[in-house]
Amino acid sequence: MTQVEVTQDGFVVDATVIAAAFKLPPEKIQPLMRSGDITSKSETGVGADAGRARLTFIHGDRAVRLVVDQTGAILKKTRFPIRPRMPKPAPKVPE
């Protein structure tokens, strides 16, 4: 597998890419994604960015962003801090 594979359903990113970015062992990535401790978002480029996609992975207070072309080649990789997400408050129960 290449580092990023483009499929009909979206993107498949090799766990070693995400693991290296977050300084985690590759075998921890899938369980962390399943539990929601690592989340991801993909955005498709338009206009001047057509043919590119931005893939963002968030874990704790860190984010990793990959910009890839339509073949899956990584054009740019960025790591940056973010504010941790606050848990959603429990819904209020009417009295």
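I will try to describe carefully the structure that is included in this document.

Reading the values: the criteria
Residues numbered from 1 in each chain as written. Predicted model: local features only at pLDDT ≥ 70, side-chain atom pairs only at ≥ 80, totals over all residues. Heavy atoms only, no water. Pairing = 2+ DSSP bridges. Helix = DSSP H or I, 4+ residues; strand = E, 2+ residues; numbered from the N terminus.

### Some points on the pairing of strand 4 (residues 52-59)
Now for step 1: Where strand 3 (residues 38-44) lies against strand 4, seven bridges are found, and the strand directions are antiparallel. Pairing of serine 40 across the sheet is with phenylalanine 57, part of strand 4.
Now for step 2: The sheet contact formed by strand 4 and strand 5 (residues 62-69) spans eight bridges and is antiparallel. Each residue of the ladder has a partner; that of arginine 52, found in strand 5, is aspartate 69.
Now for step 3: Counting the residues that bridge the hairpin from strand 4 to strand 5 gives two residues, and of these glycine 60 lies at a positive phi of roughly 60°.

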